[in-house]
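Structure at a glance
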Amino acid sequence: MAKEVIDPWSSELPDDYRKKIKQFGLEKFEVNDFPNPNLLMRRGIVFAGRDLKRISKSIKEKKKFYVLTGIMPTADKLHFGTKSVIDQVVYFQKQGAETHVLVADLESAATRGISLEEARRRALDIHIPCYIALGLDPKKTKFYFQSENNDVTSLAYVLSRRATLNEYRAIYGNPEPSRIMASVLQVADIMHPQLKEPMPGIIPVGLDQDPHIRLSRDIASRAKEFKFFTPSSINHKFLPALTGDLKMSKSEGNSLYLLDSDDEIKRKVSRALTGGQKTLAEHKEKGGDPSKDMIFELFKQHLIEDDAELALREKDYRAGKILDSENKAYATELLQKYMADFRKKYADARKIVKKMFD
Ligand code: TRP
């Protein structure tokens, strides 16, 4: 059997998370290790990671550590899955992490053919303001573009000595040169906060990015001259499209985006896959299954903060006391409220970003 690899540039997504923990040597996420866990952590959306104890210890002992994320500015809008990553970054920022956010403009140039100008425009108009609107503190966050950070590109060259082609084949399958360049650069992104001073760092990622984490950990431990801490990672499950489809590319029109209009929200929610029964009578008698219901997925991952409220709603749905139509109306209302607030924050954030990058 061919050894299974994850391709970080594809939109294929794993469906069996438990198997993946074993297969890729991840460690299970223990919610009790972390103070003030956020909703993704409390509800099993965050499910795994690497070297997590090192980070929970840094938090508890108030020692220095950092959180870092990067985004490829390929899309003109951000879907709700991106919100999960930023929710995680915001969590660690609030626990005291030094925060780094980069725009992977060289990666998108190499792997997607997007010009540096176009990447810059998208990052400044959309991505960075959305990140701030999601709760990142712009005063406490170091933003950079890969193409403008010489420390990072230089580090990438130095670290490239520590990787082998065999290792690349094991991690990525059969990588093209553009992908090799992008992944060495990503290792440098991940490690560069430690150039000043070695310290633990945490990288929140979907499982698709785990190959880059493994490569970073291998290279960091081999490049002894830097005395790097191997980077930690924390993984969350993907937010399925409203149709239940795990693959974003197939379900463009069915995914929720930040800044969607009230009409778009209404239309998308109305088409969502639910765990309800076929007829009203049957639903009232047998009840629905929240675990197969995309509206509940939204409640759970993004819309209902209060654990008791969510539990009660699930119970009533299982008992047939709440209908799909009622759930959908409530989700639409919550989302429209959320988005109205988000639009305001986004408008403010754009002004901040203009000043920051002028
Ligand atoms: N490869 C990431 C993506 O596809 C972007 C990225 C570049 C990144 N450098 C990073 C993510 C460092 C996390 C950490 O979106």
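This is a predicted model, so every value here is computed, not measured.

Quick notes on the rules
- Residue positions are given per chain, counting from 1 as you read along its sequence in written order.
- Local features are withheld for residues below a pLDDT of 70 in this predicted model, meaning they are given only at 70 or higher, and side-chain atom pairs are given and counted only at 80 or more; totals for whole chains, interfaces and linings count all residues.
- Hydrogens and water are ignored here; the side-chain numbers use all heavy atoms of the structure.
- One heavy atom suffices: a residue is near a molecule or strand as soon as one of its heavy atoms comes within 4 Å of it.
- Counted as a polar contact is a pair of N or O atoms within 3.5 Å, where, for protein atoms, one must be capable of donating a hydrogen and the other of accepting one, and residues adjacent in sequence contribute only when both atoms are in side chains.
- Using a 1.4 Å probe, the Shrake-Rupley method yields the accessible areas, and only the shown protein chains count as cover for residues.
- By definition, any uninterrupted DSSP run of H or I lasting at least four residues is a helix, any uninterrupted run of E lasting at least two residues is a strand, and each is numbered from the N terminus.
- Polar here means any residue other than Ala, Val, Leu, Ile, Met, Phe, Trp, Tyr, Cys and Pro, which are nonpolar, and Asp, Glu, Lys and Arg, which are charged; Gly is therefore polar.
- Remark: exposure states derive from per-residue accessible area (1.4 Å probe, protein chains only) relative to the maximum for the residue type, with buried under 20%, exposed over 50%, and partly exposed in between.
- At least two bridges found by DSSP between two strands are what make those strands a pair.
- Either an automatic procedure or a domain database provided the assignment from which the domain bounds are taken.
- Whether two residues touch is decided by their heavy atoms; if any such pair falls within 4.5 Å, the residues are in contact.
- Defined in terms of a 1.4 Å probe, buried area is the accessible area two parts forfeit on being brought together, summed over both.
- When a carboxyl oxygen of Asp or Glu is within 4 Å of a side-chain nitrogen of Lys or Arg, the pair counts as a salt bridge.
- Under the pairing criterion, centres of Phe, Tyr and Trp rings, with the six-membered ring standing for Trp, must be within 6.5 Å; the plane angle then separates stacked pairs below 30 degrees from edge-to-face pairs above 60, leaving the rest tilted.
- Charge-over-ring contacts are defined here by two conditions on Lys NZ or Arg CZ: a distance within 6 Å of the ring centre and an angle within 35 degrees of the ring normal.

Moving on, we get to the site of the ligand. Taken together, Leu68, Gly70, Met72, Leu102, Ala104, Glu107, Gln186, Asp189, Ile190, Ile203 and Gln209 form the complete shell of residues around the ligand. Residue Glu107 places a side-chain N or O atom 2.8 Å away from a nitrogen atom belonging to the ligand. In this structure, a nitrogen atom belonging to the ligand sits 2.8 Å away from a side-chain N or O atom of Gln186. Compared with its free state, where it exposes 360 Å², the ligand has 90% of that area covered by protein. Elements with a minimum of two residues in the shell around the ligand: strand 3 (66-71) and helix 9 (177-191). For the shell around the ligand, the leading source of residues is helix 9, giving three residues. Considering only residue class, the shell around the ligand consists of six nonpolar, three polar and two charged.

Moving on, we get to the pairing of strand 6 (residues 201-206). With six of its six residues buried, strand 6 lies for the most part within the structure. What you see with strand 6 is no split at all: Gly201, Ile203 and Val205 on one side and Ile202, Pro204 and Gly206 on the other are buried throughout. In the sheet, strand 6 pairs with strand 7 (residues 232-236) via five bridges, with the strands oriented parallel. Looking across to strand 7, one finds that Val205 is bridged to Asn235.

Here we take up the domain arrangement of the protein chain. If you check the domain split of the protein chain, you get domain 1 (17-236) and domain 2 (262-357). Here the C-alpha centre of domain 2 lies 29 Å away from the C-alpha centre of domain 1. Each partner contributes to the interface: domain 1 provides 22 residues, whereas domain 2 provides 22 residues. Summing both partners gives a buried area of about 1900 Å² for domain 1 against domain 2, and 66% of it is carried by carbon and sulfur. For the domain 1 face of the interface with domain 2, the top three residues by lost area are Arg43, Phe80 and Ala133, together amounting to 31%. Here domain 1 and domain 2 share four salt bridges between them.

With respect to the helices and strands, the residue Ala104 is situated in the loop between strand 4 (98-103) and helix 5 (105-112). Note: C-alpha distance between Ala104 and Lys196 (92 residues apart in sequence) is 22 Å. In this structure, Ala104 is in contact with Ile71, Met72, Pro73 and Gln146, ignoring residues within four places of it in sequence.

In terms of residue burial, helix 13 (residues 294-303) counts as a mostly covered element, since nine of its ten residues are buried. Of all the positions in helix 13, only Met294, Ile295, Phe296, Glu297, Leu298, Phe299, Gln301, His302 and Leu303 are classed as buried. Along its buried surface, helix 13 packs onto helix 2 (39-42), helix 4 (80-94), helix 11 (262-270), helix 14 (307-318) and helix 15 (324-357). Near the N-terminus of helix 13, the side chain that reaches the backbone nitrogen of Ile295, with its oxygen 2.8 Å away, is that of Asp293.

Turning to the packing of aromatic side chains, a few remarks are in order. With the rule as written, the count across this model stands at twelve aromatic pairs. Look at Tyr91 and Phe92: their rings are 4.9 Å apart centre to centre, the planes differ by 80°, and that puts the pair in the edge-to-face class. Since its relative accessible area comes to 4%, Tyr91 is described here as buried. The class of Phe92 is buried, set by a relative accessible area of 0%. Geometrically, the ring pair formed by Phe296 and Tyr317 is tilted, given 5.0 Å between the ring centres and 55° between the ring planes. Of this pair, Phe296 sits in helix 13 while Tyr317 sits in helix 14, and the two are 21 residues apart along the sequence. By relative accessible area, which is 2% here, Phe296 ends up buried. Owing to a relative accessible area of 0%, Tyr317 belongs among the buried residues under this scheme. Three or more aromatic residues joined by ring pairs form one cluster here, namely Phe29, Phe34, Tyr91 and Phe92. Taking NZ or CZ as reference, Lys77 lies 4.4 Å from the ring centre of Tyr257, over its face.

Once that is clear, we can look at the pattern of salt bridges. Inspection of the entire model under this criterion finds 28 salt bridges. Between Asp125 and Arg121 there is a salt bridge, and its shortest N-O distance comes to 3.4 Å. Here Arg121 and Asp125 lie together in helix 6 (residues 116-133), a separation of four residues that amounts to about one turn. Judged by relative accessible area, which is 37%, Arg121 ranks as partly exposed. Connected via shared salt-bridge partners are Asp76, Glu118, Arg121, Arg122, Asp125 and Arg350.

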